[in-house]
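The primary structure of each chain is shown beneath.
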Amino acid sequence: MGELSKLPNIGKVVEEQLNQAGITTFEELKALGSQQAWLRIKAIDDSACIHRLYGLEGAIQGIKKTQLSDEKKRELKEFYNRFKG
């Protein structure tokens, strides 16, 4: 396992998906942002859900996805609803 799996919410599978999407470091993930990173994962795994999006944002912020602010969750949910399915 690499650097990304050391972040909160990022396990082996998500790390592999990020790597496949061209994201291999925290700096790359942070620069791209959770929404664009999620879109890249969605392109290779159509089952990518909102919890993956929350997890990516939490990883960038250094917190568990359950600790995201309600405002951030609302923002991410609006984004997710535009791109799901």
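Note that the coordinates shown come from a computational prediction; the quantities given were computed from them, not determined experimentally. (Residues numbered from 1 in each chain as written. Predicted model: local features only at pLDDT ≥ 70, side-chain atom pairs only at ≥ 80, totals over all residues. Heavy atoms only, no water.)

A.B. asks: Looking at this model, I keep getting lost on the overall build of the protein. Mind explaining?
C.D. replies: Looking only at helices and strands, one finds five helices and zero strands in the protein. Reading the protein from its N terminus to its C terminus gives the helix and strand order α-α-α-α-α. Here the protein has a C-alpha radius of gyration of 12 Å; the compact-globule value for 85 residues is 12 Å, and the two agree. For the protein, the spread of C-alpha atoms along the principal axes amounts to about 30 × 25 × 20 Å. Across the 85 residues that make up the protein, the buried fraction comes to 40%. Put simply, 44% of the contacts in the protein that link residues at least 6 apart link residues at least 24 apart. (Helix = DSSP H or I, 4+ residues; strand = E, 2+ residues; numbered from the N terminus. Rg over C-alpha atoms; globule rule 2.2 N^0.38 Å. Buried < 20%, exposed > 50% of the residue type's maximum accessible area, 1.4 Å probe, protein only. Contact = heavy atoms within 4.5 Å.)

A.B. asks: I keep staring at helix α4 (residues 50–61) and nothing clicks. Help me out?
C.D. replies: Residues spaced three or four apart along an α-helix face the same direction, because each turn holds 3.6 residues. The terminal C-alpha atoms of α4 lie 17 Å apart, and with 12 residues this matches the ideal 16 Å at 1.5 Å per residue to within 8%. Of the residues making up α4, those classed as buried are Ile50, Arg52, Leu53, Tyr54, Gly55, Leu56, Glu57, Gly58, Ala59 and Ile60. Buried residues along α4 sit against α1 (12–20), α2 (26–32), α3 (34–44) and α5 (70–83). Looking one or two residues beyond α4, the residue adopting positive phi is glycine 62, at roughly 80°. (Expected span 1.5 Å × (residues − 1).)

A.B. asks: I would appreciate a short explanation of the nonpolar core in the present structure.
C.D. replies: One recurring pattern in soluble globular proteins: nonpolar side chains tend to sit buried together. Judged by nonpolar contacts, the single largest core of 21 residues is most densely connected at Leu4, Ile10, Leu18, Leu29, Trp38 and Leu56. Those elements giving two or more residues to this core turn out to be α1, α3, α4 and α5. Sequence-distant contacts of leucine 4, that is, excluding residues within four places in its chain, are made with Ile10, Glu15, Leu18, Asn19, Ile23, Thr24, Thr25, Phe26 and Leu29. (Core = buried A, V, L, I, M, F, W, Y, C linked by side-chain atoms within 4.5 Å.)

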